[in-house]
Amino acid sequence: MTITSDRGRARPALIAVAGVGWAFLAMAGTAALGLHLLGADRAGALGPMTAAVVVLATGGSVEPSGAVEAFGLTGAGARSSIDVLPLGVTLVGALVLGAAFVRSLRPAGPVVGGRELAARAGVMAAVFLLVLGGLAWAGSSTVTIDGTALVPGGGDGGPKLELPGIGDLGDLPDRLAGLARAKAAVGFSVRTGPSLLGGAAWVLVVLLVTLLAARTAPLPHGARALHRSVRPAASALCAVLVLAVAAGWAAAAGATAGDDHPGRIAGAALLGAPNGVWLGLPLGLFVPWHGRAAGSLLGVLPDPLDRLLNGGADQTVGVGRLVGLDDRVLLLPAACALAVLLAGVLTAVRTPRGTGGAAAYAGRCALALGAVTAVALPLLALATRVRADASLSVLGIDAAGAGLELSGSVPLAALLGAVWGLGAGAVGGLLAWGTGAAGRRAVPYAHAYGEAPAGDPAAGAPGPHRPSPRYGAASPDTNPYLRPDGQRYGSLYDSPTHQAAGPPERSPEPPPVPPPVPPSGEHRYGSPPPPPPGPPPPPRGWPGRGGRPPRR
């Protein structure tokens, strides 16, 4: 139900509360389901862990702490920190919040005022931060680590560490066999200040991306050019990114069929499938990454990345080095190139034809997609970076130096994004022009005034509106306002042309119509009254019996 004001527009505060509420419900449901499938609720309360994961997904920060001396480490060696976004939760929240924001702009019509747009975005961001502050307060709890649960066999016969949701991380050193039955209470708490700052940046980025990618949302009058340039490319690239994540979820669903722990795979894919997919996209487009891994965190990396980072020192991660370890990595650049080409075709289909030929149209598509990809690829590199300096003594491993760090080059991501976007936009524009699909899916907002949409009979020669020619040429003799000397005539027949021709001929006047005669009484002008009406005529037919002939 939509609640409207006297002017028929939705109230920003109520729409913001509803949209933010649905977004947090979706994120909390996704986080809780993923943690349950991973088995994390066996070690602690699910509610606080869900709140902490939601805060992490919106750019927040969680700080682990606790009494870990029972596992043999104290001081600085017992600290740990995690900097990773569970992008599965992030994606769900961004989609729901963006849909609510676009719906709140619909009552504004095709054009929204700049102040109204800023007010609606500000109210939604304020409500979002209020709810995030509540989650930051609730996202603190304690997890009890049991050595007997982590180490099957209690240290007999080469114990192995088994993390909930991750699995076996390998053999433990023999000197830790006596600590296998140790227990410790490990706590975690949300850092309120950094979490609110990260949440403010997150919600503003989500609203901005939504405004640029939602083609049917209104824009201020000064930004209407974005309908024709940025919005087709931004919506196409966002659609390709979401489609790639859906393909990752489908692959994870297929992998659960033949695995002994299908819930573990499903939970990891629900929370982290976008992390892997969106990390592979810049990597497949030849963006270099730098990483290091040491200790037992090597067990959480996929093959062949774990073999590349096995040394513990900083390594350059690229397609060439990964191909040397596994030939199947060659499929990654091919898949990423097809994804960018699909974005180019979608951009061309959603961009109006405009003026010019195929080259001009392909150039416009290339510039739009190049600019959008140059911004999107660095954002993907920043969102998928991983940093975990974990003293895994809190999990029963004597590995104070364990850690994992993986980050992409932001400047090279921007440069390569522009190059790939220009190429894919140009190829997609030429393909769409050659097949007649150029501008077929463009929304009405993207067409200029007077331009016919694709498929219209006038679409072959689009352009601005041109008025029809006048029916006759203006003359100073017939239009007194065109006299050069400023002389005006009181009447059209006072002009020299009509004076030489003489006055116009008048048509003869019609004869006067006599006044109506009253129905009875003396005529008002003294004339005798009309004669009375005579007897009615006899009825037609045979007399009697109603005019029917007699029966025989």
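- In the nomenclature of an unreviewed UniProt entry, the chain is known as Integral membrane protein of Streptomyces luteireticuli.

What to know about the pattern of salt bridges
Thinking step 1. One pass over the structure, following the stated rule, counts 3 salt bridges.
Thinking step 2. Of the charged contacts in the structure, one is a salt bridge between R292 and E405, with a shortest N-O distance of 3.4 Å. Remark: E405 occurs in strand β10 (residues 403-408) and R292 occurs in strand β7 (residues 289-294); sequence separation between them is 113 residues.
Thinking step 3. Looking at R292, the relative accessible area reads 23%, which means it is partly exposed.
Thinking step 4. With relative accessibility at 30%, the residue E405 sits in the partly exposed group.
Thinking step 5. A salt bridge links R328 to D326; the nearest nitrogen and oxygen atoms lie 2.8 Å apart.
Thinking step 6. Take R328: its relative accessible area is 62%, and that puts it in the exposed class.

Considering the environment of H227
Thinking step 1. Checked against the element boundaries, H227 lands in the loop between α6 (192-213) and α7 (230-255).
Thinking step 2. Using a relative accessible area of 4% as the deciding quantity, one classes H227 as buried.
Thinking step 3. Placed 15 residues apart in sequence, H227 and L212 show a C-alpha to C-alpha distance of 8.7 Å.
Thinking step 4. Leave out the neighbours within four places in its chain, and H227 touches R215, A217, L219, P232, Y445 and A446.
Thinking step 5. A polar atom in the side chain of H227 sits 3.3 Å from the side chain of R231.

A short note on the UniProt feature "transmembrane region" (unreviewed entry) in the chain
Thinking step 1. The feature "transmembrane region" (unreviewed entry), as annotated in UniProt, sits at residues 12-38, 84-105, 117-138, 196-214, 234-252, 330-349, 361-383 and 412-433 in this numbering.
Thinking step 2. What you have in residues 196-214 is 95% helix and 0% strand, and the ends, taken at the C-alpha atoms, are 26 Å apart.
Thinking step 3. Helix makes up 100% of residues 361-383 and strand makes up 0%, while its end C-alpha atoms are separated by 33 Å.

Quick look at the packing of helix α3 (residues 87-105) against α6
Thinking step 1. For the pair α3 and α6, interaxial distance at closest approach is 9 Å and the crossing angle is 60°. For the element pair α3 / α6, the angle class is oblique. In this structure, α3 crosses over α6, and the sense of that crossing is right-handed. For the pair α3 and α6, contact is made by T90, G93, A94, L97, G98, F101, V102 and L105 and by W202, V203, V206, L207, T210 and L211, respectively.
Thinking step 2. The class makeup of the residues in the contact of α3 with α6 is 10 nonpolar, 4 polar and no charged.

Observations concerning the environment of P411
Thinking step 1. Structurally, P411 can be placed in helix α13 (residues 410-435).
Thinking step 2. You can call P411 exposed: its relative accessible area is 62%.
Thinking step 3. Sequence separation between P411 and L377 is 34 residues; the distance between their C-alpha atoms is 9.9 Å.

Some words on a nonpolar patch on the surface
Thinking step 1. A cluster of nonpolar side chains, V375, L379 and L382, forms an exposed patch at the surface whose accessible area comes to about 260 Å².
Thinking step 2. V375 gets classed as exposed once you look at its relative accessible area, which sits at 52%.

Quick notes on unusual backbone geometry
Thinking step 1. The backbone of F286 sits at a positive phi, close to 70°, despite the residue not being glycine.
Thinking step 2. Judged by its relative accessible area of 47%, F286 is partly exposed.

Section: α13
Thinking step 1. Compared with an ideal rise of 1.5 Å per residue, which puts 26 residues at 38 Å, α13 spans 37 Å between its outermost C-alpha atoms and is within 8% of the ideal.
Thinking step 2. Taken together, the buried positions of α13 are occupied by A413, G417, G421, A424, G425, G428, G429 and A432.
Thinking step 3. Buried residues belonging to α13 abut α11 (331-350) and α12 (358-383).
Thinking step 4. Downstream of α13 by a residue or two, G436 has a phi angle that is positive, lying close to 80°.

A word on the confidence of the model for the chain
Thinking step 1. For the chain, the average pLDDT comes to 75, and 62% of its residues sit at 70 or higher.
Thinking step 2. Throughout residues 145-182 the model reports pLDDT below 50, and contacts reaching past four residues in sequence, or to other chains, amount to 73 contacts.
Thinking step 3. For the stretch residues 489-493, pLDDT sits under 50, and the model shows 10 contacts to residues farther than four places along the chain or on other chains.

The rules behind each value
- Along each chain, residue indices are assigned from 1 in the same order as the chain's sequence is written.
- In keeping with the model being predicted, local features are shown solely for residues with a pLDDT of at least 70 and side-chain atom pairs are shown and tallied solely at 80 or more, while totals for entire chains, interfaces and linings include all residues.
- Only hydrogens and water are set aside; all other atoms, that is, all heavy atoms of the structure, feed into the side-chain values.
- Salt bridges are identified by distance alone: a Lys or Arg side-chain nitrogen within 4 Å of an Asp or Glu carboxyl oxygen.
- Only runs of H or I of at least four residues qualify as helices and only runs of E of at least two qualify as strands under DSSP, and these elements are numbered from the N terminus.
- Accessible area is worked out with a 1.4 Å probe on protein chains only. A residue is then buried under 20% of its type maximum, exposed over 50%, and partly exposed in between.
- We call two residues in contact when some of their heavy atoms are within 4.5 Å.
- Any N or O atom pair separated by 3.5 Å or less is treated as a polar contact, with the protein-specific requirement of one donor-capable and one acceptor-capable atom, and with residues adjacent in sequence counted only for side-chain atom pairs.
- UniProt positions are given in the numbering used here, feature names are shortened, and annotations may be inferred rather than shown by experiment.
- Every axis in this analysis is a line fitted to C-alpha atoms, fitted for helices over the stretch in contact. Angles between the N-to-C directions lie between 0 and 180 degrees.
- Angular relationships are summarised with four words: roughly parallel below 35 degrees, roughly antiparallel beyond 145, roughly perpendicular across 65 to 115, and oblique for the angles in between.
- A crossing counts as left-handed when the near helix is turned anticlockwise from the far one by less than a right angle, and as right-handed when that turn is clockwise.
- Classification used: nonpolar for Ala, Val, Leu, Ile, Met, Phe, Trp, Tyr, Cys and Pro, charged for Asp, Glu, Lys and Arg, polar for all others including Gly.
- Residues enter a patch when their relative accessible area is above 30% and they make no salt bridge; the linking distance is 9 Å between like charges and 5 Å between nonpolar side chains (Val, Leu, Ile, Met, Phe, Trp, Tyr).
- Throughout, the Shrake-Rupley method with a 1.4 Å probe supplies accessible areas, and for residues the shown protein chains are the sole cover considered.
- Here the expected span of a helix is defined as 1.5 Å times the quantity of residues minus one.
- A residue's pLDDT is simply how confident the predictor is in it, with values from 0 to 100.

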